[in-house]
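Secondary and tertiary structure notes
The primary structure of each chain is shown beneath.
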Amino acid sequence: MTGRPARTGRGGGQASAGDLLALVRSGRATTRGALQRATGLSRATVGQRLDRLFRAGWLREGAGGPVDSPLGGRPSLILEFDDEHAVVLAADLDTRHARAAVLTLAGEVLAEHTGPLVVEDGPDAVLGELGRWFAELLEKAGRRAQEVCGAGLAVPGPVDIGTGRVVQPPIMPGWDGYDIRGRLTRAFAEHTGAGSVPVLVDNDANLMAYAEQRAGHPDCSAFVLVKVSTGIGAGVVVDGGIYRGVDGGAGDIGHIRVPQGAQALCRCGSYGCLAAVASGGAVARRLAAAGVRAASGSDVRDLLAAGHPEAVALAREAGRLVGDVLATVVTLLNPGVLMIAGDLAGTPFVTGVRELLYQRALPRSTARLDVVTSRLGERAGLVGAGALVVEHLYAPERVEERLRALGL
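Here we summarise the structure given alongside this text. Here the residue numbers are simple positions, counted from 1 along each chain's written sequence. Local features in a predicted model are, by the rule used here, given only for residues with pLDDT of at least 70; side-chain atom pairs are given and counted only at 80 or more, and totals for whole chains, interfaces and linings are based on all residues. As a convention, hydrogens and water are excluded, and side-chain values are obtained from all of the structure's heavy atoms.

**Focus on the overall build of the protein**
Runs of H or I in DSSP of at least four residues are treated as helices and runs of E of at least two as strands, each being numbered from the N terminus. Counting its regular elements, the protein contains 14 helices and 14 strands. The C-alpha atoms of the protein give 24 Å as radius of gyration, which agrees with the globular expectation for 408 residues (22 Å, within 12%). The buried label goes to any residue with under 20% of its type's maximum accessible area, the exposed label to any with over 50%, and the partly exposed label to all in between, with areas taken from a 1.4 Å probe on protein chains only. In the protein, which comprises 408 residues, the share counted as buried stands at 52%. The contact definition used throughout considers only heavy atoms, calling two residues in contact when any of these lie within 4.5 Å. A fraction of 61% describes how many contacts in the protein between residues 6 or more apart in sequence connect residues 24 or more apart. Method for areas: the Shrake-Rupley scheme with a 1.4 Å probe, in which residue coverage is limited to the protein chains shown. For the protein, the exposed surface amounts to about 18100 Å²; the carbon and sulfur share of it is 49%. Charge assignment in this entry is limited to Lys and Arg as positive and Asp and Glu as negative, and neither His nor the chain termini are counted. To locate a charge, the coordinates of NZ of Lys, CZ of Arg, CG of Asp or CD of Glu are taken. Averaged over its 43 positive side-chain charges, the protein has a centre that lies 5 Å from the centre of its 43 negative ones. Using C-alpha atoms as the atom set, the radius of gyration is obtained and then compared with a globule rule of 2.2 Å times the number of residues to the power 0.38.

**Here we look at helix α3 (residues 43-56)**
Residue pairs spaced three or four apart in an α-helix point in one direction, given the helix's 3.6 residues per turn. Each residue after the first adds 1.5 Å to the expected span of a helix. The terminal C-alpha atoms of α3, which comprises 14 residues, lie 20 Å apart, in line with the 20 Å expected from a rise of 1.5 Å per residue. Listed in full, the buried residues belonging to α3 are Thr45, Val46, Leu50, Arg52, Leu53 and Ala56. Buried residues of α3 fall within an arc of 145 degrees about the axis and therefore sit on the same side. In α3, the exposed positions that point more than 90 degrees away from the buried face belong to Arg43, Ala44, Gln48 and Arg55. The directions from the helix axis to the C-beta atoms form the arc being described.

**A look at the pattern of salt bridges**
A pair is scored as a salt bridge if a Lys or Arg side-chain nitrogen falls within 4 Å of a carboxyl oxygen belonging to Asp or Glu. All chains considered together, the criterion is met by 27 salt bridges. With a shortest N-O distance of 3.3 Å, Arg214 and Glu391 are connected by a salt bridge. Of the two residues, Arg214 sits in helix α6 (residues 204-216) while Glu391 sits in helix α13 (residues 380-393), which places them 177 residues apart along the sequence. We classify Arg214 as partly exposed; its relative accessible area is 38%. Classification of Glu391 as partly exposed rests on a relative accessible area of 26%. Between Asp324 and Arg360 there is a salt bridge, and its shortest N-O distance comes to 2.9 Å. Taken as a pair, Asp324 in helix α10 (residues 309-333) and Arg360 in helix α11 (residues 347-360) lie far apart in primary sequence, 36 residues in all. Judged by its relative accessible area of 26%, Asp324 falls in the partly exposed class. Residues participating in the shared-partner salt-bridge network are Arg99, Glu112, Arg301, Asp302, Asp343, Glu378 and Arg379.

**Describing the nonpolar core**
Each nonpolar core is a collection of buried residues, namely Ala, Val, Leu, Ile, Met, Phe, Trp, Tyr and Cys, held together in the definition by side-chain atoms within 4.5 Å. Within the largest apolar cluster, 45 residues are counted, with the highest numbers of intra-cluster contacts made by Val226, Ile232, Leu287, Leu326, Leu338, Ile340 and Leu357. Mapped onto this core, the elements with two or more residues apiece are β10 (222-228), β11 (232-238), α7 (274-278), α8 (280-289), α9 (297-305), α10, β13 (337-341) and α11. Broken down by element, this core gets its largest block of residues, eleven residues, from α10. With near-sequence residues (within four places) excluded, Ile340 lies in contact with Val226, Leu326, Ala345, Phe349, Val350, Val353, Val371, Val372, Thr373 and Ser374. Core analysis: the next-biggest nonpolar cluster, separate from the first, contains 41 residues, Leu50, Cys149, Leu207 and Leu388 among them.

**Details of the sheet that holds strand β3 (residues 87-93)**
At least two DSSP bridges between two strands are needed for those strands to be called paired. The five strands are arranged β5-β4-β3-β6-β9 in an open sheet whose pairing can be described as mixed. The open sheet has two edge strands, β5 (109-116) and β9 (199-203), and neither has a second partner. Between one strand axis and the next, the sheet turns through 15 degrees on average, direction left out of account. Relative to strand β6 (residues 148-155), β3 is paired through six bridges, and the arrangement is parallel. Within β6, the residue paired with Ala90 across the bridge is Gly152. Angles here are taken between N-to-C directions and fall from 0 to 180 degrees, while the axes themselves are lines fitted to C-alpha atoms, restricted in helices to the stretch in contact. Against the sheet, helix α4 (residues 123-141) engages β3, β4 (97-104), β5 and β6, with an angle of about 40 degrees to β4. The sheet contacts of α13 involve β3, β4, β5, β6 and β9, and relative to β3 the element is tilted by about 135 degrees.

**Topic: the sheet that holds strand β14 (residues 370-373)**
Strands sit in the order β12-β11-β10-β13-β14 across an open sheet of five strands; the sheet is mixed. Strands at the two margins of the open sheet, each flanked by one partner only, are β12 (241-243) and β14. Each adjacent strand pair in this sheet contributes to an overall mean axis angle of 25 degrees, direction not counted. Bridging between β10 and β11 involves seven bridges; their strand directions are antiparallel. Each residue of the ladder has a partner; that of Val224, found in β11, is Val236. α6 contacts β10, β11, β12 and β13 of the sheet and is inclined by roughly 45 degrees relative to β11.

**Comments concerning the environment of Thr39**
If you trace the backbone, Thr39 turns up in helix α2 (residues 32-39). Residue Thr39 is classed as buried on the basis of its relative accessible area, which comes to 4%. Considered as a pair, Thr39 and Ala282 are 243 residues apart in the sequence and their alpha carbons are 55 Å apart. Any pair of N or O atoms that falls within 3.5 Å is considered a polar contact. Within protein, one atom must be able to donate a hydrogen and the other to accept it, and sequence-neighbouring residues count only if both atoms are side-chain atoms. Within polar-contact distance, the side chain of Thr39 engages the backbone oxygen of Leu35 at 2.7 Å.

**Quick look at the side chain of Arg52**
Examined against the element boundaries, Arg52 turns out to sit in helix α3. Not counting residues up to four positions away in its chain, the partners in contact with Arg52 are Ala17, Glu400, Leu403, Arg404 and Leu408.

Laid out in structure tokens, this is it:
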């Protein structure tokens, strides 16, 4: 390659091994020749940088693809990201239960466990128990702790993504500012005997939105997911990335004040929050007051599945309240997809959302809007937590750091 300067990578210099890996993972360049054309690097330089990735075990060569040269010759070997060289741990905390799993780097669930785990018991106890779950799941999956490249955790509260700490979470007493990353790292080591692993933490609605957008709506440039369970929260994905706001507080729509809740005390300490009158927890309290056994959003979900008439009526009413708020959200963000997820995400609730949303929002804001329900279901948070870890660890700049740490 003479007379043509190499194109720059993200760091401002020539394309790095991390940049090449990103091109392969995205499918934009999957042969050596295609990488040369995409980066402007010489054949020798591409080969040297790929060699680092091969030695790390992150790349493999697959079956031959189309011939790169117009002059013919042997088919080019296809370069593939080796998603079997490591595994990811993921957990999704709700207020009264949790779900944990071992996943491949491609997001396939290898082993999974769901059980009671109460966030009000505090972070030390909850994260310690998650460490034990992870150890048991690795054994069940037949994978060694040394194969774990990272862990992701979804929590029902706002998260400062830089520190991984929750910030004034209304339904997570005792967690504010707690070192989640450090405690989960120690718990993993205590139960497996392995060294520390990177831990990433984010809000559950954010991670659900991230997973759902990637899995079912990859071409949607503005995607909103609303989770309605014990509380209410929203995740927003814009141009493929999670929008978190300046300190992780974006999407906390459960604490928007609504006139119908003027007398309702929210768990955040304020009156009139949407979550105080329209969440799964709020519906459960109204059902309990009427003599129906219900203590949480998951109990409401079971009653809705059984067609309980009072639960159905209250869920539709809650949907209307949420739909009224979402009319503003849709007008502001103009999303292509609005997804309803969580314990209440059934026909009665979604019907209520649609009624008020389309009544209150401007027609232009809803003309190209699809209102849908979850595709990944209860696994969305897990898949999103796993994807967050993979995208972080295999980002170009992080790839370079990790290769240097491996001495490559």
